[in-house]
There are 2 protein chains.
Amino acid sequence: MPRPRRRFALCLALLSLSAAALPLPGQVRVASPDGRTQVTVAVAEGRLTYAVTRDGRPLVLPSRLGFRFADQPPIDSGWAIRDTARLSHDEWWTQPWGEVARVREQYNELAVTVEEGGQADGRTDGPSNRRTARRFTLRLRAFDDGIGFRYELPAQPGLESFAITEELTQFTFADNPRAWFIPSDRPRMDRSEMLYSAGPLSLLREVQTPLTLESTDRRTYLVLHEADLADYARMNLKGGCIECRTLQADLARMGDGIAVRGRTPFVTPWRTLQIADRVTDLAPSLLGLKLNPPSAIANTDWITPMKYIGIWWGMHINTMTWGSGPKHGATTANTRRYIDFAAANGFGGVLVEGWNTGWDGDWIKNRNAFSFTTPYPDYDLPGLAAYAKAKGVKLIVHNETSGGIRNYERQMDSAFALYQSLGLDAIKTGYVTDTVDGGHDHWSQYAVRHHRRVIEAAARHGIMVDVHEPLHDTGERRTWPNMMTREGARGQEYNAWSGDGGNLPEHETILFFTRLLAGPMDFTPGIFDLLIERGPGGPRRPEDARIRTTLAKQLALYVVLYSPMQMAADLPENYEGQPAFQFIRDVAVDWDTTRVLDGRIGDYVAVARRERGGQSWFLGAITDEEGRTLDLPLNFLTPGRRYVAEIYADGPKAHWLDNPLPVTITSRPVTSATRLRMVLAPGGGQAIRIRPAR
Amino acid sequence: MPRPRRRFALCLALLSLSAAALPLPGQVRVASPDGRTQVTVAVAEGRLTYAVTRDGRPLVLPSRLGFRFADQPPIDSGWAIRDTARLSHDEWWTQPWGEVARVREQYNELAVTVEEGGQADGRTDGPSNRRTARRFTLRLRAFDDGIGFRYELPAQPGLESFAITEELTQFTFADNPRAWFIPSDRPRMDRSEMLYSAGPLSLLREVQTPLTLESTDRRTYLVLHEADLADYARMNLKGGCIECRTLQADLARMGDGIAVRGRTPFVTPWRTLQIADRVTDLAPSLLGLKLNPPSAIANTDWITPMKYIGIWWGMHINTMTWGSGPKHGATTANTRRYIDFAAANGFGGVLVEGWNTGWDGDWIKNRNAFSFTTPYPDYDLPGLAAYAKAKGVKLIVHNETSGGIRNYERQMDSAFALYQSLGLDAIKTGYVTDTVDGGHDHWSQYAVRHHRRVIEAAARHGIMVDVHEPLHDTGERRTWPNMMTREGARGQEYNAWSGDGGNLPEHETILFFTRLLAGPMDFTPGIFDLLIERGPGGPRRPEDARIRTTLAKQLALYVVLYSPMQMAADLPENYEGQPAFQFIRDVAVDWDTTRVLDGRIGDYVAVARRERGGQSWFLGAITDEEGRTLDLPLNFLTPGRRYVAEIYADGPKAHWLDNPLPVTITSRPVTSATRLRMVLAPGGGQAIRIRPAR
């Protein structure tokens, strides 16, 4: 049953400072613009807590805040509220690219300044007598779609430099929601590349974010994540006792065990809780974007979403190699072939992996062997760049680092300058490693700083970035719109060689509601040859040979799994003469509007997006191992206008298990009054372009 | 699409011994009677493996076998097949009680005798030159519903006594199935009392059995478990790398780190793999029963399934205490009240907890304080036993041990003799502890031996046993039919006080397909007062007050969750004047036939059972947080006969969240041609008695 919504009057960029006027002693509160979500900050027995209610009912119970340091007493107890400041903000802004063009950033903000020593609540607690009282500000922003808060440590005599060993921020839930999760403590080259599990929050141990939660009554959906991770350690979450409903921030550490080193003034990333009534309201997820600073790039004309193909899949199915030799993929001749294909089909980019020296031998271990400027002898970088340019295509330059950050940063500026001089404007980076230089965790502050330096250096050279084995996306594409897309989850490549037989049919229906809420994913859809005979290790077992998808589902992924750099992942020869390929040629990569029409996490999802700067809509629906019929109203179309729907559907008796290829392509007129019946095969999907009738 | 079944001719108790006639060098094979499942035992490079195919397709890939010892070389490599023996068995037998009356035990057996040293495969491998070659037999039985295998170590000079530190048995799956699991490595008083999670097998870490697996294509369901755990450590399972599809046996250890101590001749429990095409074929699960020795109790007339009530729930909702004092539950007066209620309503038993001295103070820590013969002063044990007997009711005597095994065994025989002398024939034991005496794991061989001693001592005294915080059920009720039921999973009590807010609506729909496949569960259904204000720690939070169920679902649980000792768990006053209570009065507890009509793990299940010795059927259907309409044919009824269905359904607008109580009770005529439409509310259920029309 729907809950009443109350609407407050909108105040445009109203700034108001209040003296310490506390509604209740030791308690201050801020509400979302629609009033449904309230955050209360309180001090109880010297401990600072925050709590969240939704429609008057507890969502997050009073939860702990604070830090442990290596070099000073913790921020934990013995604190009192000294001051508060409030403001309201309401602004529309336009993204250079995205799932939506315009974003409304509307929030109520409360900044709570807290100081050691208990004067406000009448107690004298903590070490205020022994040293200078420290102070910090907890800044909270309440939006209609969620809340965020961060710590701000101002410059102050008692706190100049610091070393955080643990962040004590907790999230104690009133409910015991179901979580879709991947663990954060399993060893692997990139620990985000895992299938998902589901279970009660009370049993979670160490998990990654974004963490998607479904309430027991299915009336509230939450996503725990962070925003604006700029100079801090990545946050994971750890659970407590097996009947507890509390998760605590779990920061990645550097080689010496310290999580974060800093100097005041200092701000942490935002800890965010997205809130929705329906699962279909979770996407497009804009909360993180709204909490990042505005764009630092004045002129974004050079930043252009694109579709691309690449010398890449061949290496995963063992018909080509990264390294030199008779099967070397990155040769001049092969690359020309790819450029020709890209040009003939309207693709903006050609990724070439294995073009640069350093791949021979154990390239994961020998991370310092990579050169980012020296091609292999059989790869004519300048010649190919020019060849491509003449055909309206650009090479995407691959920079695999293997976690050799020093080796990469040493060469980065000259490499980027080289690419820029050749008219190249995009790179794909990689971090195939468990620990980066210095034994630092892949997600440590050390790595975070590096990733920011890469984005900024790339921006200086007019280069767009696609990061594989990355940090998780925390919305930095708002500030740096050249930070296009990243991997950071288990993508298509696992269908080539994974030891467990490949992705499961449900996988993308979970990704959509979890990983993709953080930001775009370079999933690399579009494999047409669904019977993979060989992996890098040799012949696959027959049972593992098939990719667990239908062909139509591969097309649908272009709409469902958002990426501004979107790959047609297969070998070009597998697209030749395939009518279904037309959808990939036609599908847009930049969007004005996005609507989730229907879906259930782990079961299915149907998404509609309108192309930016155009009138066409694209619709994609995918299902798990179970076939499904959806009945979707097209009421997002402009009323009164006539459209043609070009439908790519699973063919008769299509089935991911043993008959994945049949695709039925039809056209039919539709309007905003049409209800479209979409029959999805088991493991199947449907992709539709809805263009204005001529 | 259904798979062809081939039927072999049945051979009744045919025994055939073959000389070492191997189909292929180093490979021997046995098939299920219907030929669909084949187990192949092979030696490759001196390593013994087994593999399983189903309809010619790999199910379990060649998987490792063996042991590590503390005191001798491992059984791992350097082995050869020396001899094989085969037999076929086909026998119908009758259980004294159960989900079904008659069991068909039909299998093909292969016993493979293996010896150290590689003569059979032409190699000389292993230590055969240095010590006496050891030998053992791998005995496999292939049934139509699954397979089991165990190790048998015959008496032999090279292997007299041994100490196993690790069992190397592995289960390497061809598929990457979805598993419903509870972890085996979380600290808790009884580590089986957890909510379930679901996820791919490749990501499992340490989990308990029975482990239920659903294949990626949903065409095969498997359950991994063990049978006949008599003198060994309990087996859990541990996963490997995160893309591996292998689980390994993970034995519980004793205080000194040894898993199993034994002397030859010795047999291990059976490792079992139940196999079904449909999830509804998993229950009733009989594979474990078929692998246990026949009944050791000649006359089972005294063993009688019953419904019972108890002085129990009051302590969980904090209106009574176990210990002495003003709220002591186990008083003579209170117990008389319960006996009166039981007699008036046809219940066979009254459980009384807190009757015996030892509950005052920290009873979990002070395990040796319990007396099993001395009542509290306000509890007249002999008087109450006689009072009950006169009314046709028996007291069920509670024996909480807190893991104080020595204290219990010291008193056990005199306690059982005392109960027997009072005409009492049932006990409920408890093991609220993390480690038992001696620091042994709750599931160690030490504990296993103890549990067997309890069953046998109880049998000697004509006593039925209900074990809480038990070992998992491995089918020993076939050999000891006084071993009635046990807890060993998270039951109703968690709705009284759990820190995470109580059981989730889906919980029982998972239990049915997991825990209940091992054997009966004393879940204790039937709470009518669904708003629980207080737990032991004080007032519950309002959000946690409601039990996440409807009333009709509580009734359905009497049919869905099988137990031969089945409790009406609430306070008698909450049943008074409740029309819905009639179903509990009427429902049977012993069954002739069981059919799973429909279901999905974690979503819903509908079960029909025919009462033993009667003509009535009982039907129970439950759903998770989502309402559901089921359309079920009653074609299990006898054709041509007229029946009356007495239906207890969720009332209008019933909902687990805010309106759990409405129950609509109706009657209607039905026949075997009827299709019954069952509307289940969110978190709801439906219970039906179908009795012959008069």
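Here the structure is shown first, and the text comes after it.
In this text the structure is predicted, and so the values were computed from the model without any measurement.

Participant: So what about the overall build of chain A? Which residues, and what values?
Facilitator: Secondary structure summary: chain A contains 11 helices and 41 strands in total. Computed over the C-alpha atoms, the radius of gyration of chain A is 26 Å, within 12% of the 26 Å expected from 2.2 N^0.38 for a compact globule of 694 residues. For chain A, the spread of C-alpha atoms along the principal axes amounts to about 80 × 60 × 45 Å. A sequence separation of at least 24 residues applies to 73% of the contacts in chain A between residues at least 6 apart. As displayed, chain A offers around 23,100 Å² of accessible surface, 51% of which is attributable to carbon and sulfur atoms. Measuring between centres, the 82 positive side-chain charges of chain A sit 4 Å from its 81 negative side-chain charges.

Participant: So, the pairing of strand 3 (residues 37–44) of chain B: which residues are in play, and what are the values?
Facilitator: Residue and element names in this part refer to chain B. With six of its eight residues buried, strand 3 lies for the most part within the structure. Judged from the five bridges that link them, strand 2 (residues 27–31) and strand 3 form a sheet pairing that is antiparallel. Paired with valine 28 across the two strands is valine 41, which belongs to strand 3. A loop of five residues connects strand 2 with strand 3, the two strands running antiparallel in sequence, and glycine 35 in this loop sits at a positive phi of about 80°. In terms of strand pairing, strand 3 meets strand 4 (residues 47–54) through eight bridges, oriented antiparallel. Residue threonine 40 lies in a different strand from strand 4, and its bridge partner there is alanine 51. Where strand 3 hands over to strand 4, the hairpin turn is made up of two residues, of which glutamate 45 adopts a positive phi near 55°.

Participant: Tell me about the pattern of salt bridges, and please be specific about residues and values.
Facilitator: Residues and elements named next belong to chain B. This structure, assessed with the given rule, holds 110 salt bridges over all chains. Notably, a salt bridge pairs arginine 82 with glutamate 115, separated by 2.8 Å at the nearest N-O pair. Linking arginine 82 in strand 7 (residues 79–94) with glutamate 115 in strand 8 (residues 102–116), this pair joins segments that are 33 residues apart in sequence.

Participant: So what's going on with the state of the cysteines? Which residues, and what values?
Facilitator: By definition, a disulfide is the covalent link that joins the sulfur atoms of two cysteine residues. All names here are of chain A. In this structure the tally under the stated criterion is two disulfides over all chains. Paired by a disulfide, cysteine 241 and cysteine 244 hold their sulfur atoms 1.7 Å apart. Every disulfide takes its handedness from the sign of the S-S torsion; for cysteine 241 and cysteine 244 that torsion is 80°, giving right-handed. The class of cysteine 241 is partly exposed, set by a relative accessible area of 40%. On the basis of relative accessible area, cysteine 244 is assigned to the partly exposed category, the value being 25%.

Participant: Give a description of the sheet that holds strand 26 (residues 426–430) of chain A that names residues and reports values.
Facilitator: All names here are of chain A. Pairing is parallel across the open sheet formed by seven strands, whose spatial order is 30-29-26-25-24-23-33. Of all the strands in the sheet, just strand 30 (483–486) and strand 33 (565–567) have a single pairing partner and so form its edges. The average undirected angle you get between the axes of adjacent strands in this sheet is 30°. Pairing geometry for strand 26 and strand 29 (residues 464–467), over four bridges, is parallel. Considered in strand 29, the bridge of alanine 426 is made with methionine 464. Against the sheet, helix 3 (residues 332–345) contacts strand 23 (306–311), strand 24 (349–352) and strand 25 (394–400), and its axis sits at roughly 155° relative to strand 23.

Participant: I'd like to hear about helix 5 (residues 405–421) of chain B, residue by residue, with values.
Facilitator: Residues and elements named next belong to chain B. Under the 1.5 Å per step criterion, the end-to-end length of helix 5 is 24 Å for 17 residues, consistent within 8% with the ideal 24 Å. A bend of about 50° at methionine 412 is the largest found in helix 5. Within helix 5 the residues assigned to the buried category are Ile405, Asn407, Tyr408, Gln411, Met412, Ala415, Phe416 and Tyr419. Contacts made by the buried residues of helix 5 are with strand 25 (394–400), strand 26 (426–430), strand 27 (435–436) and helix 6 (445–460). Positioned one or two residues after helix 5, glycine 423 has a phi angle of 80°, which is positive.

Participant: Break down the sheet that holds strand 3 (residues 37–44) of chain A for me, citing the residues and quoting the values.
Facilitator: Residue and element names in this part refer to chain A. An order of 2-3-4-5-12-19-18-15 is seen for the eight strands of this open sheet, with the pairing classed as antiparallel. The two strands at the open ends of the sheet, each matched to only one other strand, are strand 2 (27–31) and strand 15 (206–207). Relative to strand 18 (residues 235–239), strand 15 runs antiparallel, the two sharing two bridges. Bridge pairing links glutamate 206 to lysine 238 in strand 18.

Participant: Can you lay out the relation of the copies chain B and chain A for me, pointing to particular residues and giving the numbers?
Facilitator: Laying chain B over chain A is done by rotating through 180° and shifting 0.0 Å along the axis; what remains is an RMSD of 0.0 Å. Look at the turn and shift together and you get a two-fold axis relating the two. Among all C-alpha atoms of chain B, that of Ala198(B) lies closest to the rotation axis, at 2.6 Å. Both copies contact each other with a shared surface, as 100% of the interface residues of chain B are interface residues in chain A too.

Rules behind the numbers
- Residues numbered from 1 in each chain as written.
- Chains lettered and ligands numbered in written order.
- Predicted model: local features only at pLDDT ≥ 70, side-chain atom pairs only at ≥ 80, totals over all residues.
- Heavy atoms only, no water.
- Helix = DSSP H or I, 4+ residues; strand = E, 2+ residues; numbered from the N terminus.
- Rg over C-alpha atoms; globule rule 2.2 N^0.38 Å.
- Contact = heavy atoms within 4.5 Å.
- Areas by Shrake-Rupley, 256 points an atom, 1.4 Å probe, with all protein chains shown as cover.
- Lys, Arg positive; Asp, Glu negative; His and termini not counted.
- Charge placed at Lys NZ, Arg CZ, Asp CG, Glu CD.
- Buried < 20%, exposed > 50% of the residue type's maximum accessible area, 1.4 Å probe, protein only.
- Pairing = 2+ DSSP bridges.
- Salt bridge = Lys/Arg side-chain N within 4 Å of Asp/Glu carboxyl O.
- Disulfide = S-S within 2.5 Å.
- Axes fitted to C-alpha atoms, helices over the stretch in contact; angles between N-to-C directions.
- Expected span 1.5 Å × (residues − 1).
- Bend = angle between axes of the 7 residues up to and from the residue.
- Least-squares fit on C-alpha atoms with pLDDT ≥ 70 in both.

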